[in-house]
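The residues making up each chain are set out below.
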Amino acid sequence: EVRSGNEIRSVIMHGDRFAKFPIGKIDGTYTWKVGAEVRAKRVESEIPLNPVTAGVYIATMMAQIDVLREAGHSYTEIVNESVIE
C-alpha cells in the first residue's frame, strides 16, 4: 500500500470526504472512559513481564524495520508502521 501510493491516496481521499463524514471525538466514549479507569487503578510495578514474550516482540519489530528499510521506506514511515502502530 505504501510503495504503490495507495495509502497516502486514501488519506487524501478521506480528507476530501471529511465534511460529509467527520471523525468523531473519542475521549468521551464508554471504551475510552473504561480504559482511563483501568490505567488509573493499575500499579505499573506489579504488571508481570515475560522476558521471552518481550524479546520476541522486540525482535519482530526490528525485523519489520529491517524489511521496510531494505524496501526503501523512509524512516518516518518505518517508525509509523513499526513502532507507533
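Here goes a summary of the coordinates provided. Predicted model, so just to flag it, every value in this text is computed and none were measured. (Residues numbered from 1 in each chain as written. Predicted model: local features only at pLDDT ≥ 70, side-chain atom pairs only at ≥ 80, totals over all residues. Heavy atoms only, no water.)

### Details of the pattern of salt bridges
Next, step 1: Scanning the entire structure with this criterion turns up 2 salt bridges.
Next, step 2: A salt bridge links Arg42 to Glu44, with the shortest nitrogen-to-oxygen separation between them at 3.0 Å.
Next, step 3: Arg42 sits in the partly exposed class, given a relative accessible area of 40%.
Next, step 4: The exposure class of Glu44 is exposed, given its relative accessible area of 54%. (Salt bridge = Lys/Arg side-chain N within 4 Å of Asp/Glu carboxyl O. Buried < 20%, exposed > 50% of the residue type's maximum accessible area, 1.4 Å probe, protein only.)

### Notes on the packing of aromatic side chains
Next, step 1: Following the criterion strictly, the structure yields 0 aromatic pairs and no others.
Next, step 2: The ring of Tyr75 is capped by Arg69, whose NZ or CZ atom sits 4.2 Å from the centre of that ring. (Phe/Tyr/Trp six-rings, centres within 6.5 Å; stacked < 30°, edge-to-face > 60°. Lys NZ or Arg CZ within 6 Å of the ring centre and 35° of its normal.)

### As for the side chain of Ser82
Next, step 1: Note on placement: Ser82 falls in helix 4 (residues 75-84).
Next, step 2: Assessed through its relative accessible area of 8%, Ser82 is described here as buried.
Next, step 3: Residues in contact with Ser82, not counting those within four places in the same chain, are Met61, Gln64, Ile65 and Leu68. (Helix = DSSP H or I, 4+ residues; strand = E, 2+ residues; numbered from the N terminus. Contact = heavy atoms within 4.5 Å.)

### Description of a nonpolar patch on the surface
Next, step 1: A cluster of nonpolar side chains, namely Ile8, Val11 and Ile12, defines an oily patch on the protein surface of about 290 Å² accessible area.
Next, step 2: Looking at where Ile8 falls in the secondary structure, it is placed in helix 1 (residues 6-17).
Next, step 3: Assessed through its relative accessible area of 52%, Ile8 is described here as exposed. (Patch = residues over 30% accessible without salt bridge, like charges linked within 9 Å, V, L, I, M, F, W, Y side chains within 5 Å. Areas by Shrake-Rupley, 256 points an atom, 1.4 Å probe, with all protein chains shown as cover.)

### Re helix 4
Next, step 1: Among the residues making up helix 4, those that are buried are Glu77, Ile78 and Ser82. On an axial view of helix 4, the arc spanned by its buried residues comes to 100 degrees, and they lie on one face. Of the exposed residues in helix 4, those oriented more than 90 degrees away from the buried face are Thr76 and Ile84.
Next, step 2: Close packing links the buried residues of helix 4 with helix 1 and helix 3 (51-70). (Arc of directions from axis to C-beta.)

### Describing the packing of helix 3 against helix 4
The description of two helices packed together rests on the angle between their axes and the distance between the axes.
Next, step 1: Two elements in contact, helix 3 and helix 4, have axes separated by 10 Å at closest approach and are oriented at 150 degrees. Between helix 3 and helix 4, the crossing angle belongs to the class labelled roughly antiparallel. Here helix 3 and helix 4 pass one another in a crossing that is right-handed. Together, Met61, Gln64, Ile65, Leu68 and Arg69 of helix 3 and Tyr75, Ile78, Glu81, Ser82 and Val83 of helix 4 make up the contact between the two elements.
Next, step 2: Tallied by class, the residues present in the contact of helix 3 with helix 4 amount to 6 nonpolar, 2 polar and 2 charged. (Axes fitted to C-alpha atoms, helices over the stretch in contact; angles between N-to-C directions. Parallel < 35°, antiparallel > 145°, perpendicular 65-115°, else oblique. Left-handed = near helix turned anticlockwise from the far one by under 90°. Nonpolar A, V, L, I, M, F, W, Y, C, P; charged D, E, K, R; others polar.)

Any link to function would need more than the numbers given here.
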